[in-house]
Every structure is written in structure tokens, then in C-alpha cells.
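Chain by chain, the residues run as shown.
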Amino acid sequence: MTTPHHNAIVVLTGAGISKESGLDTFRDADGVWAKVGVEEVATPEAFARDPVKVHDFYNSRRRTLMKGTVVPNAAHAALARLEAEWPGEVLIVTQNIDDLHERAGSRNLVHMHGEHLKVRCQDCGAVYAWTDDLAVDSACLACGGTGGMRPHVVWFGEMPLEMERIYAALEGCALFVSVGTSGNVYPAAGFVRHVRQFTEAHTVELNLEPSLGASLFAEARYGRATEVVPRFVDELLSLAAEDAADFRRALLRR
Ligand code: APR
Ligand code: ZN
């Protein structure tokens, strides 16, 4: 057991935290994968087979994200406040490729599945911000090559990003919170098990309904993220005032 930094927090987020901002989740009845198949647009094979179809899929979702009506909600804001006011490190590990955590003010953040508003050149490896449509003949800003540009998004069958940093944070935390994820996709779905194996951290699931991993969490609260997350953050921050020294004991006592 690694000794946790006595009050480091890791928060894993999924599509459910962005639902009330107007972005579809993936596996709800009205979700993304109910409208188009993963294997058609979210695998390297799909991109090799039909890059235009994959670009169209990500271009339309990037345009949606760029609409003024899609803004961070109270759950994103609560997590940014937690990072700003908590007397210890707060790391958000998000599976989401939207930029709503950043726009809410979060800074200590890892996009393990990449980012909608960045692109990557397969020829030179450059990754940079891109908010327009991307096309097969888009030219790389770094090497000038065309035909090698792809969304900077992790597809099924590809390795998520920054996994060493994520596992190090999981192994050093005193509290692990999972928000708005169904627990369908690994490695994120295995993080709670990893935390339990390597630490004595408290584990909490905040979700609309029990995820596949619900039974692995010491505590769970169900409801919409914009209600459940701010309330949980308020409780944490009031604890911090009383008992940051050993907030884990305080957490369990409440
Ligand atoms: N508040 C809180 N939770 C919600 C809300 C809400 N308003 N609406 C839906 N949810 C919950 C659903 O109950 C579900 O458990 O959010 C979860 C969304 O699950 P998924 O649609 O599977 O999304 P996610 O878990 O983020 O998917 C993981 O799969 O397709 C890949 O790369 C993609 O990052 C994604 C990964
Ligand atoms: Zn390039």
C-alpha cells in the first residue's frame, strides 16, 4: 500500500457530466452509439477504410461543441471550485473529449481519450488546437504534409493517453470519485479496482444510475450531475475546513 498524500483527490468523469450541457452520452437510449456504430467511426480500421465518413462524424460533433449553447454546467463548475479550494491536489481524469472542464476553470486535468478541439498529424506526430472542420486533404501546420491529419481522439483498440500519470495519481489518492460514466470501457472502468488494490482511499460513485462497477464503490449517490456533484463538493469543502488533517476519517464518520 502506497501512503496516500493525506488528502489527494482523483475524479474520473464520463459523458454523463456533460449531458446537461447538451452533449449526448454514448450508451443512453438517445446516445451517440445508438445512432452510429463504433466500428464505423471510432476505430483505426474505420479511419483507414473511410476517412471521409470519420471526418464527417467528428466534424459534426466538433461543430456542436463550438455552438454557443453548449456551456459548462454546475457539475463542471463544482469540480473547478474543488480544485481551487481543496487543501490538497485534485486531479480530474476525463474520458470526455469536450473542453467543458477547461471552460469551467479546471486546470489539473488529463484527457485520457484525447480532445475534440485538437488534431494530430500521423506523418510528423504534431498535435495542436483545431476548431474548423478537418478533411482528408487538410495540410499539417507543422510539416505541411496532407493526407495524414486525424482527430486527436483515442479510438477503440488504441492506448489511452497519460496512463502512467493516471495510475500514479490513483495509487496516491485518499479519495476517488467517479462521475457520469457507465463503467463499460476499460481501462477507466478498472480505476476503482486499482484504487482499492493499492490504497485505502474512500471511493464514491456519483451517477444518474448505478454503473456496471457500482458494487465496487464504498459510497454512491444517484441523481443528475448538476445536483449531486455540487452537493458532494460542498460537503467535502466543509469537511476540509474542519478536518483536513485526516479528512478520510472525517469522510467516513459523516
Ligand atoms: N447526470 C449524471 N450521470 C448521467 C446523466 C446526468 N445528467 N445522464 C446520463 N448519465 C450517466 C448514464 O447513466 C451513464 O451511466 O452517464 C453515463 C454515461 O455512460 P456512457 O454513455 O457509456 O459514457 P462514458 O461512460 O463516458 O463512455 C466511456 O466510451 O465510447 C467511449 O470513448 C468513449 O469516453 C467514452 C467511453
Ligand atoms: Zn505533420
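A. Structural detail: the coordination of the zinc ion (ligand 2). The zinc ion (ligand 2) binds to the protein through Cys121 (SG), Cys124 (SG), Cys140 (SG) and Cys143 (SG); the donor distances cover 2.3 Å. In this structure, the zinc ion (ligand 2) is coordinated by four donor atoms arranged in tetrahedral fashion, with angles at the metal of 105 to 118°. When the donor residues of the zinc ion (ligand 2) are listed from N- to C-terminus, their spacing reads C-x2-C-x15-C-x2-C. With Cys124 in the loop between β4 (114-121) and β5 (127-129) and Cys140 in the loop between β5 and β6 (149-153), this pair connects stretches of sequence that are 16 residues apart. With relative accessibility at 4%, the residue Cys140 sits in the buried group.

B. Quick peek at the sheet that holds β5. Taken together, three strands build an open sheet; the order of strands is β5-β4-β6 and the sheet is antiparallel. The two strands at the open ends of the sheet, each matched to only one other strand, are β5 and β6. If you compare each strand with its neighbour and ignore which way they point, the axes differ by 45° on average. Pairing of β4 with β6 involves four bridges; the strand directions are antiparallel. Paired with Val119 across the bridge in β6 is Pro151.

C. Structural context of the nonpolar core. By size, the foremost hydrophobic cluster in this structure holds 26 residues, and its most contacted members are Ile9, Val177, Val229 and Leu236. Looking at this core, the elements with two or more residues in it are β1 (9-13), α5 (74-85), β2 (90-94), β7 (175-179), β8 (202-207), α9 (225-243) and α10 (247-253). In terms of residue count, α9 provides more of this core than any other element does, eight residues in total. The next biggest cluster of nonpolar side chains, apart from the first, holds 18 residues, and it includes Leu12, Leu91, Val110 and Ile166.

D. Region of the structure containing the packing of helix α7 (residues 163-171) against helix α8 (residues 191-198). Relative to each other, α7 and α8 sit at 50°, their axes nearing to 8 Å. When the axes of α7 and α8 are compared, the pair comes out oblique. In terms of crossing hand, the pair formed by α7 and α8 is right-handed. Of the residues in α8, those in contact with Met163, Ile166, Tyr167, Leu170 and Glu171 of α7 are Phe191, His194, Val195 and Phe198. Taken together, the residues that form the contact of α7 with α8 break down as seven nonpolar, one polar and one charged.

E. Quick look at helix α4 (residues 51-66). Taking 1.5 Å per residue, 16 residues should reach 22 Å; α4 reaches 22 Å between its end C-alpha atoms and fits that length. All buried positions along α4 are accounted for by Val54, His55, Phe57, Tyr58, Asn59, Arg61, Arg62 and Leu65.

F. Local environment of the site of ligand 1. Every one of the 23 residues lining ligand 1 counts as a neighbour, but Ala15, Phe26, Arg27, Thr181 and Ser182 are closest to it. Between Glu20 and ligand 1, the recorded distance is 3.0 Å, taken from a side-chain N or O atom to a nitrogen atom. With respect to ligand 1, the backbone of Phe26 contributes an N or O atom lying 2.7 Å from an oxygen atom. Expressed as a share of its isolated accessible area of 740 Å², the protein-covered part of ligand 1 is 95%.

G. Region of the structure containing the pairing of strand β9 (residues 219-222). Burial along β9 is one-sided: the residues Glu219 and Arg221 are buried and none of Ala220 and Tyr222 is. The pairing of β8 with β9 spans four bridges and is classified as parallel. Paired with Asn207 across the two strands is Tyr222, which belongs to β9.

H. Structural context of the pattern of salt bridges. Overall, the coordinates contain 14 salt bridges when judged by the stated rule. In this structure, the salt-bridge partner of Arg81 is Asp234, at a minimum N-O distance of 2.2 Å. One end of the pair, Arg81, is in helix α5; the other, Asp234, is in helix α9, with 153 residues separating them in the sequence. Under the relative-accessibility criterion, Arg81 is labelled partly exposed at 34%. Asp99 is the salt-bridge partner of Arg103, the closest N and O atoms lying 3.1 Å from each other. Ionic contacts of the salt-bridge type, sharing partners, join the residues Glu20, Arg224 and Glu227 into one network.

Each value, and the rule that gives it
Residues numbered from 1 in each chain as written. Chains lettered and ligands numbered in written order. Predicted model: local features only at pLDDT ≥ 70, side-chain atom pairs only at ≥ 80, totals over all residues. Heavy atoms only, no water. Donors = N, O, S within 2.8 Å, 3.2 Å for Na, K, Ca; no water. Tetrahedral: all angles 85-135°; square planar, octahedral: opposite > 155°, others 65-115°. Helix = DSSP H or I, 4+ residues; strand = E, 2+ residues; numbered from the N terminus. Buried < 20%, exposed > 50% of the residue type's maximum accessible area, 1.4 Å probe, protein only. Pairing = 2+ DSSP bridges. Axes fitted to C-alpha atoms, helices over the stretch in contact; angles between N-to-C directions. Core = buried A, V, L, I, M, F, W, Y, C linked by side-chain atoms within 4.5 Å. Parallel < 35°, antiparallel > 145°, perpendicular 65-115°, else oblique. Left-handed = near helix turned anticlockwise from the far one by under 90°. Contact = heavy atoms within 4.5 Å. Nonpolar A, V, L, I, M, F, W, Y, C, P; charged D, E, K, R; others polar. Expected span 1.5 Å × (residues − 1). Near = heavy atom within 4 Å. Polar contact = N/O pair within 3.5 Å; in protein donor to acceptor, adjacent residues only side chain to side chain. Areas by Shrake-Rupley, 256 points an atom, 1.4 Å probe, with all protein chains shown as cover. Salt bridge = Lys/Arg side-chain N within 4 Å of Asp/Glu carboxyl O.

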